[in-house]
Amino acid sequence: MAVEVHKRSTAAFLEDQDFFRFFGIFREVVLVARGNNHLEDLWLKPKLDDQYRNGTLELDLTFENAIAGSQLMVNILDPKGQQIYRDNIMLEPAMSVHIDLGQVTRWDHNEPNLYTIELETVEEGRTTEFVSYPFGFRTIEIRNKTILLNGKRMIINGVNRHEWNPETGRAITQEDMERDLALIRSAHINGVRTSHYPNQIPWYYLCDQAGIHVMAETNLESHGSWQKMGAIEPSYNVPGAIPEWLAVVLDRAKTNFETLKNHTSILFWSLGNESYAEENIRKMNDYFKEKDPSRLVHYEGNFPNPAFEDSISDVKSCMYAPPQEIREYLEKDGTKPFILCEYMHDMGNSLGGMDSYMNLLDEYENYQGGYIWDFKDQAILVTDELTGRKVMRYGGDFDDKPSDYEFSGNGIVFADGQEKPAFQEVRYYYGKYRN
């Protein structure tokens, strides 16, 4: 097996995220051997009825190397591990299965109840493949301009999160993710925006189990193409409406969806970050709405280009809007529920005045909260040449130019997970508005 890593490519135009620039392979690479009756694609579509009481499960399955006469065994376990459904059906290359389960236990932040489906393919009495997958029942919707989860108003006590380890950079482990999640839960954070790219797959399983709401962001950020010297100047905006960029951004949306579609924790598909708003992103919005109308679509780029407000994003999203601007929108317009996809930029001795945002939750039903920027500093742990001590160093500390210097040091915890004073503030206010 040969692997080629490109240090620079056209993809760089779409990946202007705020992080240390590293090059290489940061995630596992595996070889997979596929046998007969391989489950090539699985889409679990659990649904609650209008009373959020009874549940059905729709299965869409596609098999590779399907052998005529093979069987499919379907087994469903409840959150306590008790079998509640079992069936043996004839396997087909492409098939759909409808299952009524009656009254079910819902999934939410406080009670992340997960069922388990077990699928076993059998050829002439011999098991050819076994798949087990967790899923939950929950409904995310907008009614009366307000986001509801299982019929109740949703409050997002959120944080943006980059993947980061101070010694290995963007190559993180399962243990890193579990430590991050423990800190997140301890601060009463109930939502994570995967800024600004799909995370490692184990992260979504952990969020399913922990009841963390996920805004699953597509790998897209191009603010350097439409912001020049701090001003909005989209003369060569990427991807814009340029036909040559359409296929690649739709491919990124498709990859995000197809890889992660079965995770109960994902409540929002996000089209990316700070990439303005024009026709190509509108078509990304259409893709998600066509493929998965059961979830909401988020995008913030309508704010600098409001011409696409009606055709992109189910929610009104903004960055760092002062509380008074939020009030003005909700009182004068308010056609969509309002989310701050980034706020309380925690660089240096920041995060003061958080109460001014939290108070809005009591004033406006369709103000839904937001995501703090961000969770963890991006700093590298090195040995100081003079003292021999381990120290954290930021952009510019390595004579790296150009650099954003300390701009990536804006977490509520340090790069090693140590809590900052701001973490206490988050824990206090998010604890007051748990739901």
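Each remark here, short or long, concerns the structure printed above.
All figures in this text were calculated on a predicted structure; none of them were measured in a lab.

Caption draft 1: Examining the overall build of the chain more closely. Within the chain, the secondary structure is distributed over 8 helices and 22 strands. Oriented by its inertia axes, the alpha-carbon framework of the chain measures out at about 65 × 55 × 45 Å. Counting all 435 residues of the chain, 53% fall into the buried class. Long-range pairs, those at least 24 residues apart, make up 68% of the contacts in the chain with a sequence separation of at least 6. Element-wise, carbon and sulfur atoms account for 48% of the exposed surface of the chain, whose accessible area totals about 20200 Å². One way to put it: in the chain the 44 positive side-chain charges average out to a point 2 Å from where the 69 negative ones average out.

Caption draft 2: Local environment of the environment of Phe268. Position of Phe268 relative to the elements: it lies in strand S16 (residues 266–270). Between the alpha carbons of Phe268 and Lys420 there is a distance of 29 Å; along the sequence they are 152 residues apart. Setting aside residues no more than four positions away along its own chain, Phe268 makes contact with Ile147, Met154, Ile156, Val214, Met215, Ala216, Leu296, His298, Val315, Ile339 and Tyr371.

Caption draft 3: Structural context of the state of the cysteines. Under the counting rule described, the total for this entry stands at 0 disulfides. The thiol of Cys318 is unpaired, and the distance to the nearest cysteine sulfur, on Cys341, comes to 7.4 Å. You can call Cys318 buried: its relative accessible area is 1%. Residue class for Cys341 comes out buried when judged on its relative accessible area of 0%.

Caption draft 4: Here's a closer look at the sheet that holds strand S19 (residues 338–343). On the basis of which strands lie adjacent, the open sheet formed by 8 strands has the order S17-S16-S13-S12-S11-S20-S19-S18 and parallel pairing. Because the sheet does not close on itself, it has two edges, and the strands there are strand S17 (296–298) and strand S18 (316–319). Between one strand and the next, the sheet's axes are offset by a mean angle of 25 degrees, whatever the strand orientation. With 4 bridges joining them, S18 and S19 adopt parallel strand pairing. Bridge pairing in S19 links Lys316 to Phe338. The sheet strands contacting helix H5 (residues 323–332) are S18, S19 and strand S20 (367–372), and the helix crosses S19 at an angle near 160 degrees. In this fold helix H8 (residues 421–432) packs onto strand S11 (156–160), S19 and S20, with an angle of close to 160 degrees to the strand it touches most, S20.

Caption draft 5: Expanded view of helix H3 (residues 243–260). Helix length check: H3 (18 residues) gives 27 Å between terminal C-alpha atoms against 26 Å at 1.5 Å per residue, within 8%. Buried within H3 we find Trp245, Leu246, Val249, Arg252, Ala253, Asn256, Phe257 and Leu260. Across the axial projection of H3, the buried residues extend over an arc of 140 degrees, all falling on one side. Exposed residues pointing more than 90 degrees away from the buried face of H3 are listed as Pro243, Glu244 and Ala247. Structurally, H3 contributes buried residues whose contacts are with strand S1 (38–48), helix H2 (201–210), strand S13 (213–217), S16 and helix H4 (279–291).

Caption draft 6: Quick look at the packing of helix H1 (residues 174–186) against H2. Interhelical geometry of H1 versus H2 gives an angle of 35 degrees and a closest axis separation of 10 Å. As H1 packs across H2, the resulting crossing turns out to be right-handed. Contacts between H1 and H2 involve Gln174, Met177, Glu178, Asp180, Leu181, Ile184 and Arg185 on the former and, on the latter, Pro202, Trp203, Leu206 and Ala210. Its residues placed into classes, the contact of H1 with H2 shows 7 nonpolar, 1 polar and 3 charged.

Caption draft 7: Highlighting the pattern of salt bridges. Under the definition given, this model contains 27 salt bridges. Across the salt bridge formed by Arg252 and Glu15, the nearest N and O atoms sit 3.0 Å from each other. Residue Arg252 is located in helix H3, and its partner Glu15 is located in the segment before S1; the two are separated by 237 residues in the primary sequence. Here Lys289 makes a salt bridge to Asp314, at a shortest N to O gap of 2.8 Å.

Caption draft 8: The nonpolar core, seen in detail. Grouped together as the largest cluster of nonpolar side chains are 66 residues, with contacts concentrated most on Met354, Tyr367 and Ile372. Sequence-distant contacts of Met354, that is, excluding residues within four places in its chain, are made with Tyr343, Met344, Ile372, Glu425, Val426, Tyr429 and Tyr430. Core analysis: the second largest hydrophobic core is formed by 26 residues, Leu61, Leu91, Ile99 and Val104 among them.

Caption draft 9: Examining the pairing of S11 more closely. Of all 5 residues making up S11, 5 are buried, and the element is well covered by its neighbours. Where burial is concerned, the two faces of S11 agree: the one with Ile156, Gly158 and Asn160 and the one with Asn157 and Val159 are both buried. Where S11 lies against S20, 4 bridges are found, and the strand directions are parallel. In the sheet register, Asn157 faces S20, and the bridge partner there is Gly370. Bridge count for S11 against strand S12 (residues 191–193) is 3 bridges, and the pairing is parallel. In the strand pairing of S12, Val159 is matched with Val192. What joins S11 to S12 is H1, and the crossover it makes is right-handed.

Reading the values: the criteria
- Residues numbered from 1 in each chain as written.
- Predicted model: local features only at pLDDT ≥ 70, side-chain atom pairs only at ≥ 80, totals over all residues.
- Heavy atoms only, no water.
- Helix = DSSP H or I, 4+ residues; strand = E, 2+ residues; numbered from the N terminus.
- Buried < 20%, exposed > 50% of the residue type's maximum accessible area, 1.4 Å probe, protein only.
- Contact = heavy atoms within 4.5 Å.
- Areas by Shrake-Rupley, 256 points an atom, 1.4 Å probe, with all protein chains shown as cover.
- Lys, Arg positive; Asp, Glu negative; His and termini not counted.
- Charge placed at Lys NZ, Arg CZ, Asp CG, Glu CD.
- Disulfide = S-S within 2.5 Å.
- Pairing = 2+ DSSP bridges.
- Axes fitted to C-alpha atoms, helices over the stretch in contact; angles between N-to-C directions.
- Expected span 1.5 Å × (residues − 1).
- Arc of directions from axis to C-beta.
- Left-handed = near helix turned anticlockwise from the far one by under 90°.
- Nonpolar A, V, L, I, M, F, W, Y, C, P; charged D, E, K, R; others polar.
- Salt bridge = Lys/Arg side-chain N within 4 Å of Asp/Glu carboxyl O.
- Core = buried A, V, L, I, M, F, W, Y, C linked by side-chain atoms within 4.5 Å.
- Right-handed = clockwise from strand over helix to strand, strands pointing away.

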